[in-house]
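Spelled out, the chains give:
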Amino acid sequence: MANTEDFFKKVISHAKEYGYIFPSSEIYDGLGAVYDYGQNGVELKKNIREYWWKAMVQLNENIVGIDAAIFMHPTTWKASGHVDAFNDPLIDNKDSKKRYRADVLVEDYVAKLDDKIEKEVAKAAKRFGNAFDKAQFMATNARVIELKERGEAILHRLGKSLEKNDLADVKALIEELEIADPETGSRNWTDVKQFNLMFGTKIGATAEASVDLYLRPETAQGIFVNFANVQKTGRMKIPFGIAQTGKAFRNEIVARQFIFRMREFEQMEMQFFIKPGTQKEWYEHWKVKRLKWHLSLGMGEDNYRFHDHEKLAHYADAACDIEFRFPFGFKELEGIHSRTDFDLGNHEKYSGKKLQYFDPEENRSYVPYVLETSIGLDRMFLAVFSNALQEEALEGGDTRTVLRLPFVLAPTKVAVLPLLKKDGLPEIAEEIVADLKFDFNVAYDEKDAVGRRYRRQDAAGTPFCVTVDHQTKEDNTVTLRHRDTMEQVRIPISELRAAVAKAVDVRNWLTKL
Ligand code: GAP
């Protein structure tokens, strides 16, 4: 496609056109950074959630799941540090009156340096052809080294300033780098200020009796406050994990980029409770394991990279992101955080309840350390969806739009199409639907020429089309068409279920882990 901006617009319009994502309350002109999932979106989202849940809970004997409430006792957020420290550094442009996240302005500046590096690499790859060694080029080319070191130095300074809450230095950095308002080019900035991201609300029937609450900004705290409940009732032995998926809310001020940064979103988090002192090895363990989960979906090894945090969150002693190549560049998809005993320790302090584990091997009690994996379900949706959308040139100068979703995640697995709307073909097609629907989401489509129906299913991401034609009446066979290769094979109706299951069954995907 023409350029990344055009491509991203195409992603958004395709998501709407094919019933994946709609702006929230669109008839009232929508609500900023809030989106609804349509008939196909809800299925894709459910399949991603399930793929995560099975990989984390079902396949790990020592990980169990919970579903904690969104409303939590307000002291939770004092203990977790969110009341005091869950802030974004914001800066306003005095001319355009637009508000930005100061750290994102700087990170975007560094991303442009990364783009320059990629351009140098592409140029050299073209020049050297097959003899090109990317790793060697990156390690020795003076221009690449200079760009890389500059980017690292900028991020390091940003991280340190944010850690010390030295907002004057963040502004100084923006001025030194001559960063301008991305929309207007103005460099007339205000000072940087901190802004808390939690949404407040009230619980209770009368104004006098009501209590101030927050909508949870992460699901993790629902796990921490249930640590002792789960450990005791599940007789869990360290190391063990508790997983949860659910909504989280953040009053994101700079909420652009579609479902990448939303005000209401869903997280899939797992807290792994470990013996203090073992956090380094578990950190490495979960980095490897989570990357493997991503790679099992076959979305391209080159599209992922790790990024170590310069600025550690208030709870962490080590942290990194798994970044994905979104249409607007590499950005955080998942976080892996070594949270120490910060959360359990603070909840002990604020609640006065013991949140410890008696270790029979060591014959002592301690507050466990925690290793967290945290991924945004909507962000994963965007990664999967944008990576899948392709405009493909066909023989004869034609093009087709195809949504190459991993088969295991596709909302509808099979579309059944009678070649004609007569001669008993629709009846046979409906019989096939009636049988397959117990195993898969199946669509039935008899409108338009069969070629157009194939294109519709390709664009919706359906892995297989089954066509019922006149030969079916003679020998009970149908054609099975593959979305990606467009190849068609003729197979007996009795073999359809097994053929589709082989390609789409979650079992066959998870065994790659
Ligand atoms: N419990 C740790 C935690 O919440 P985080 O890095 O703030 O850490 C984890 O968030 C993940 O949640 C991110 O990697 C991202 O995928 C997702 N996420 C965070 N804020 C989001 C937002 N405003 N919209 C969509 N997804 C978001």
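In the block above lies the structure referred to throughout.
We now turn to the structure provided with this report. This structure is a prediction, so every number in the text was calculated from the model and none was measured. (Residues numbered from 1 in each chain as written. Predicted model: local features only at pLDDT ≥ 70, side-chain atom pairs only at ≥ 80, totals over all residues. Heavy atoms only, no water.)

Bringing the sheet that holds strand β23 (residues 488-492) into the picture now. An order of β20-β19-β21-β22-β23 is seen for the 5 strands of this open sheet, with the pairing classed as mixed. At either end of the open sheet lies a strand with only one pairing partner, and these are β20 (442-444) and β23. Neighbour to neighbour, the strand axes of the sheet diverge by 25 degrees on average, direction disregarded. Two elements, strand β21 (residues 464-468) and strand β22 (residues 477-482), share 4 bridges in a ladder whose sense is antiparallel. Across the sheet, the residue bridging to valine 466 is leucine 480, located in β22. (Pairing = 2+ DSSP bridges. Helix = DSSP H or I, 4+ residues; strand = E, 2+ residues; numbered from the N terminus. Axes fitted to C-alpha atoms, helices over the stretch in contact; angles between N-to-C directions.)

Right, let's talk about the nonpolar core for a bit. What tends to happen in soluble globular proteins is that the nonpolar side chains get buried as a cluster. Counting residues in each nonpolar core, the largest one holds 81 residues, and the members touching the most others are Tyr20, Leu44, Ile48, Met380 and Phe381. For this core, the element with the highest residue contribution is helix α13 (residues 377-388), accounting for 8 residues. The next biggest cluster of nonpolar side chains, apart from the first, holds 26 residues, and it includes Ile91, Phe137, Leu158 and Leu173. (Core = buried A, V, L, I, M, F, W, Y, C linked by side-chain atoms within 4.5 Å. Buried < 20%, exposed > 50% of the residue type's maximum accessible area, 1.4 Å probe, protein only.)

Turning our attention to the side chain of glutamate 218. By the element assignment, glutamate 218 lies in the loop between β8 (211-214) and α9 (220-224). Here the side chain of glutamate 218 touches glutamine 221 through a polar contact of 2.8 Å, side chain to side chain. A polar contact is formed between the side chain of glutamate 218 and the side chain of arginine 339, at a distance of 3.2 Å. For glutamate 218, the residues in contact, after removing those within four places along its chain, are Trp77, His82, Ala248, Arg250, Gln267, Glu269 and Arg339. (Polar contact = N/O pair within 3.5 Å; in protein donor to acceptor, adjacent residues only side chain to side chain. Contact = heavy atoms within 4.5 Å.)

Once that is clear, we can look at the packing of helix α2 (residues 41-58) against α13. Orientation of α2 relative to α13, taken along the N-to-C sense of each, is 110 degrees, at an axis distance of 10 Å. By the angle between their directions, the pair α2 and α13 is classed as roughly perpendicular. Contacts between α2 and α13 involve Gly41, Leu44, Lys45, Ile48 and Arg49 from the first element and Leu377, Asp378, Met380, Phe381, Val384 and Phe385 from the second. Across the contact of α2 with α13, the residue classes break down as 7 nonpolar, 1 polar and 3 charged. (Parallel < 35°, antiparallel > 145°, perpendicular 65-115°, else oblique. Nonpolar A, V, L, I, M, F, W, Y, C, P; charged D, E, K, R; others polar.)

What follows is about the site of the ligand. Taken together, 22 residues are adjacent to the ligand, and Glu218, Met262, Glu269, Glu332 and Glu372 come closest. For the ligand, a nitrogen atom lies 2.8 Å from a polar atom in the side chain of glutamate 252. The side chain of glutamine 267 places a nitrogen or oxygen atom 3.0 Å from an oxygen atom of the ligand. In isolation the ligand has 550 Å² of accessible area, and contact with the protein removes 93% of it. Top contributing element to the shell around the ligand by residue count: strand β13 (residues 329-340), with 6 residues. Looking at the shell around the ligand residue by residue, the class counts come to 7 nonpolar, 5 polar and 10 charged. (Near = heavy atom within 4 Å. Areas by Shrake-Rupley, 256 points an atom, 1.4 Å probe, with all protein chains shown as cover.)

Here the focus is the pattern of salt bridges. Scanning the model with the defined rule gives 43 salt bridges in all. The residue lysine 123 makes a salt bridge to glutamate 120 at a minimum N-O spacing of 3.8 Å. Placement of the pair is lysine 123 and glutamate 120 together in helix α5 (residues 102-128), with a separation of 3 residues, close to one helical turn. Residue classification places lysine 123 among the exposed residues on the basis of a relative accessible area of 52%. For lysine 275, the salt bridge identified is with glutamate 362, shortest N-O distance 2.9 Å. Within this pair, whereas lysine 275 is found in the loop between β10 (264-274) and α11 (279-295), its partner glutamate 362 is found in the loop between β14 (357-359) and β15 (364-366), the two being separated by 87 residues in sequence. By relative accessible area, which is 24% here, lysine 275 ends up partly exposed. With relative accessibility at 33%, the residue glutamate 362 sits in the partly exposed group. Members of the salt-bridge network, linked through shared partners, are Glu392, Arg400, Arg404, Arg455, Asp458, Arg481, Arg483 and Asp484. (Salt bridge = Lys/Arg side-chain N within 4 Å of Asp/Glu carboxyl O.)

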